[in-house]
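Here's the letter readout for the chains.
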Amino acid sequence: MSEFRIHHDVNELLGLLNVSSGDGAELYIDLLQKNRTPYVTTTVSSHSAKVKIAEHSKTPEDFLRKYEELKSKNARSLDPLVYLLSKLTEDKETLKVLQQNAKERSEISANATSSTSASYSIPATSSKMSMQDLEELRKKLGNVTASSSVPQSSEVIRKMLRDRHNKKNPTQPNPVFPNWVYDRPALIGDFITSPAPVGEPVVSIGSMALSAQEHALVEDLLYVLVGVDGRDISAQPVLGRQSRSFIIDPSLDMSIKELVSRILPVASSYSTITRFTEEKSSFEYGQVNHALTAAMRTLMKEYFILITQLEHLHRQGSLSLQKLWFYIQPTMRTMEILTSIATSVDKGECMGGSTLSLLHDRTFNYTGDSQAQELCLYLTKAASVPYFEILEKWIYRGIIKDPYSEFMVEEHELQKEKIQEDYNDKYWDQRYTIVQHRIPSFLQKMADKILNTGKYLNVVRECGRDVTCPDAKEVLYTLKERAYVEQIEKSYYYASKVLLDFLMEEKELVSRLRSIKHYFLMDKGDFFVHFMDLTEEELKKPVDDIIPPRLEALLELALRMSTANTDPFKDDLKIDLMPHDVITQLLRVLAIDTKQEKALINAEPTEVSLSGLEAFSFDYIVKWPLSLIINRKALTRYQMLFRHMFYCKHVERLLCNVWIRNKETKQYSLLSAKWFATAFALRQRMLNFVQNIQYYMMFEVMEPTWHVMENNLKSASNIDDVLCHHTSFLDNCLKDCMLTNPELLRIFSKLMSVCVMFTNCMQRFTQNMRIDVEMKRLALEKSPCPARSEWKDEAERKRVTSKFVSEHMDALQSDSGFEGTISKFDSNFSTLLLDLLDKLSIYSTNDCEHSMINIIYRLDFNGFYTERLERMAVERSQRTAA
């Protein structure tokens, strides 16, 4: 289960329980993450858990009855749930919260019931009801009747299953038996309950001699055992899934009646089996149930042969009740087992894999009874044939042919082209999914391998290649699981190798990833120097004023003029002007299914006008099947990293431009150095910060993580490993670059903003100063100055002019408060930088984010900030203690 799924489930559970905590869901999520285990822990013993719950329950009989009912319906994960409930009985605090929650829910339910009952009030009998009131009352009564839990008839269930199938497969409708199959009950072979015909009065059997009674009862029993009412034994009507009961003439001798009562359960079993095979053989119940009913009918042939032999003995006059009881006993056990299976399948509404799970469990439960186990094994083998045929096509060819929705893998209609368009499209995870209740229990451990085997082969097939596993053999059910487990594992390793070789060698996946690294992770330094020089003026414009084709042309020019020209995939690089800034895009990456995230995704682009630099990003064209790995979600993460580093590179260029402009100030006198020195030192500190952050991200985060991923890709055995390593690479880069921590990101964004505002201020000052210098120079040269005649040469003239202008600029900046502005920038930058270093120190210590501490070592290499950081740590500990 992914971290985001855990987050969603915890939030849902807290909402259902109305639990409000100051720590929110994060505390519980951290606990779950720390206590996760890769091993299967759902196999538990339910006996001790049942005993513990029964001891704490006020009505243990009701609990045990409900448990047996769910067990008979083959409810999945019942024992793990009982184990969890037994653990909850030991937690007094949780029990108290659950009891309070149950009380609140019962009150809400009671209020809803009272309001509903009030809405169904009937007018007093003394007043006459209008036609409108009568019609309204009829509708309400109809709704109440429709919502009542009345068992549905077989015809309704068949129609519901048929409609569900036709909705899913409109081009392949279910075949349907003609109506006369259901309209003629005599074809079923079960009892036909109809009123007895009126005729001559029948002589009471009790008035006959014992021998005559026995002879008559033997004949009646032979009829009853094949579903036909006798003269003195008649079947009772049944409703739904009830067992058949019989009425025996009360005047019958007690000894004979007792013996007859022992034989009648066989007739009841026959009725149950007949009704089951007739109902489940319909197409709507699937191929597995159809195969099961066919196997049961095969077993019933032996039963009919036995009855035929007994009829032959009866005609010869050599069949007594005792002999009938003797001959029928071996069949009773078989009929009992078949009835039990039929009842469980019927109650559990089992189809496909759930039917096979039930049969498999029964087979193992009869381990001590060889005859019963052999019978269940025969039924399981017969019922598993159509299921294994679907399985073979899936694991050997990657094709699903499941017309009745019985197989464990379900196909969904998703287009692979949307992987590059829709950020939230999860083609690889959602095109084929596992349906838990359709997994046979004997294939539970292999379910993931079965799913992945077919998925791997299906990807290759969708690329136009017909693949078939060379080790394909017929899969047969057996009590020795290793037989079909080996077949599944062979096909899995073949499918993994075929797809991995296809992507790595023919589609050049690693070369594609290197190409993306060149551009999105700024691997090609000369390319970015050319590109930023060419597009600097264009990207300064508002995003609405930028002409994308012009940017595309400049990108093409930069690619051709740099070492990127040797990249064979450079033509797949494209320009993308995003409708939102980098922070908004970061929040979109966090794919947690919450209301806030949905609102963020559906939100309109920001109303603030973005500049080209803020909106600029690269995009990359990836075709199928590489889009399984480099999907939209992965590209979005690459874009996040690129936009973050691109903006840092832009800030660095701005600071370098300030350094170049500041070179001009050296021509002025030392009097101006007293306020220029502060600005120069601040600029150098900012430049040192930005350059060290870039170095950390590129050489201490991305490069080592990239090499780890490359080595892991070489040892990957399947495409899921490749996906995992690639996703892990991107997630680690995002985390170590401070892009997944909102608090660090907020401080970093403010630092970048301070740097940009400082560069703008310095550029405006430098520009104004240059204009003033030129104006004063011209004025000085044209004005009649007494010392003008004393100038000996051009050098002397420049010296005098510079001295005059520098003295004038000192006075100008002193008046405008330039020194105060620089001091304010210095204070803001130092405060934010200390805050960032302090937060990094906390996260590197508490959350074991050891890579982030490297930033502290780089920015505080000479201990300049150490004393202030230690003072902040002491103050924080004092506040915590207080």
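These figures come from a predicted structure and were not determined experimentally.

**Notes on the overall build of the chain**
A tally of helices and strands in the chain yields 32 helices and 6 strands. Residues classed as buried in the chain amount to 41% of the 882 residues present. For the chain, the proportion of contacts with a sequence separation of at least 24, taken over those separated by at least 6, is 75%. As displayed, the chain has an accessible area near 48,500 Å², and 55% of this comes from carbon and sulfur atoms.

**Notes on the pattern of salt bridges**
Counted under the stated rule, the structure contains 30 salt bridges. Here Lys280 ties to Asp346 by a salt bridge, and the two come within 3.4 Å at their closest N and O atoms. In this pair, Lys280 sits in helix α11 (residues 254-280) while Asp346 sits in helix α13 (residues 321-347), placing the two residues 66 residues apart along the sequence. Note on accessibility: Lys280 and Asp346 belong to one class, buried. Asp835 is the salt-bridge partner of Lys839, the closest N and O atoms lying 3.0 Å from each other. You can see Lys839 and its partner Asp835 sitting in helix α30 (residues 818-846), 4 residues apart, about one turn around the helix. The exposure class of Asp835 is partly exposed, given its relative accessible area of 22%. A cluster of three or more residues bridged by salt bridges with shared partners is formed by Lys449, Arg482, Glu486 and Glu489.

**Focus on unusual backbone geometry**
Cis rather than trans, the peptide bond between Trp624 and Pro625 has omega equal to 5°. Checked against the element boundaries, Pro625 lands in the loop between β6 (616-620) and α25 (632-662). Here the phi dihedral of Glu349 falls at roughly 50°; this positive angle occurs in a residue that is not glycine. Locating Glu349 in the fold gives a position in the loop between α13 and α14 (353-365). For Glu508, which is not glycine, the phi torsion reads 55° and is therefore positive. Residue position: Glu508 is located in the loop between α18 (482-506) and α19 (509-520).

**Quick word on the packing of aromatic side chains**
Scanning all chains against the criterion turns up 33 aromatic pairs. Here a set of aromatic residues connected by ring pairs shows up, and it is made of Tyr519, Phe520, Phe527, Phe528, Phe531, Phe616, Phe618, Tyr638, Phe642 and Phe646. Its end group placed over the ring of Trp325, Arg262 keeps NZ or CZ at 6.0 Å from the ring centre.

**Concerning the environment of Ser511**
Relative to the helices and strands, Ser511 resides in helix α19. For the pair formed by Ser511 and Phe569, sequence separation is 58 residues and the distance between their alpha carbons is 8.7 Å.

**A closer look at helix α21 (residues 548-561)**
Between the first and last C-alpha of α21 there are 20 Å, a value that for 14 residues agrees with the 20 Å anticipated at 1.5 Å per step. Taken together, the buried positions of α21 are Leu551, Leu554, Leu555, Ala558 and Leu559. For α21, the angular spread of the buried residues around the axis is 140°, confining them to a single face. Each element contacted by the buried residues of α21 is listed here: α19, α20 (525-539), β5 (573-577) and β6.

**Brief notes about helix α5 (residues 78-88)**
Because each turn of an α-helix spans 3.6 residues, side chains separated by three or four positions end up pointing in the same direction. Listing the buried residues of α5 in full gives Leu78, Asp79, Val82 and Ser86. When α5 is viewed along its axis, its buried side chains cluster within an angular range of 95° and face the same direction.

**Describing the nonpolar core**
Ranked by size, the top nonpolar core spans 108 residues in total, and within it Phe527, Phe618 and Phe689 carry the most contacts. Among the elements that take part in this core, helix α26 (residues 673-714) stands out by supplying 15 residues, more than any other. Not counting the four nearest positions on each side in its chain, Phe689 is found in contact with Phe748, Leu751, Met752, Phe829, Leu833, Leu836 and Leu859. Core analysis: the next-biggest nonpolar cluster, separate from the first, contains 80 residues, Ile248, Leu319, Tyr366 and Tyr477 among them.

**A word on the packing of helix α10 (residues 210-224) against α11**
Contact geometry of α10 with α11 gives a least axis separation of 11 Å together with a crossing angle of 5°. In terms of orientation, α10 lies roughly parallel with respect to α11. Two secondary-structure elements touch here, α10 through Leu210, Gln213, Glu214, Leu217, Leu221 and Val224 and α11 through Ile256, Val260, Ile263, Leu264 and Ala267. When the residues that make up the contact of α10 with α11 are grouped by side-chain class, the tally is 9 nonpolar, 1 polar and 1 charged.

Definitions and limits used
- Residues numbered from 1 in each chain as written.
- Predicted model: local features only at pLDDT ≥ 70, side-chain atom pairs only at ≥ 80, totals over all residues.
- Heavy atoms only, no water.
- Helix = DSSP H or I, 4+ residues; strand = E, 2+ residues; numbered from the N terminus.
- Buried < 20%, exposed > 50% of the residue type's maximum accessible area, 1.4 Å probe, protein only.
- Contact = heavy atoms within 4.5 Å.
- Areas by Shrake-Rupley, 256 points an atom, 1.4 Å probe, with all protein chains shown as cover.
- Salt bridge = Lys/Arg side-chain N within 4 Å of Asp/Glu carboxyl O.
- Phe/Tyr/Trp six-rings, centres within 6.5 Å; stacked < 30°, edge-to-face > 60°.
- Lys NZ or Arg CZ within 6 Å of the ring centre and 35° of its normal.
- Expected span 1.5 Å × (residues − 1).
- Arc of directions from axis to C-beta.
- Core = buried A, V, L, I, M, F, W, Y, C linked by side-chain atoms within 4.5 Å.
- Axes fitted to C-alpha atoms, helices over the stretch in contact; angles between N-to-C directions.
- Parallel < 35°, antiparallel > 145°, perpendicular 65-115°, else oblique.
- Nonpolar A, V, L, I, M, F, W, Y, C, P; charged D, E, K, R; others polar.

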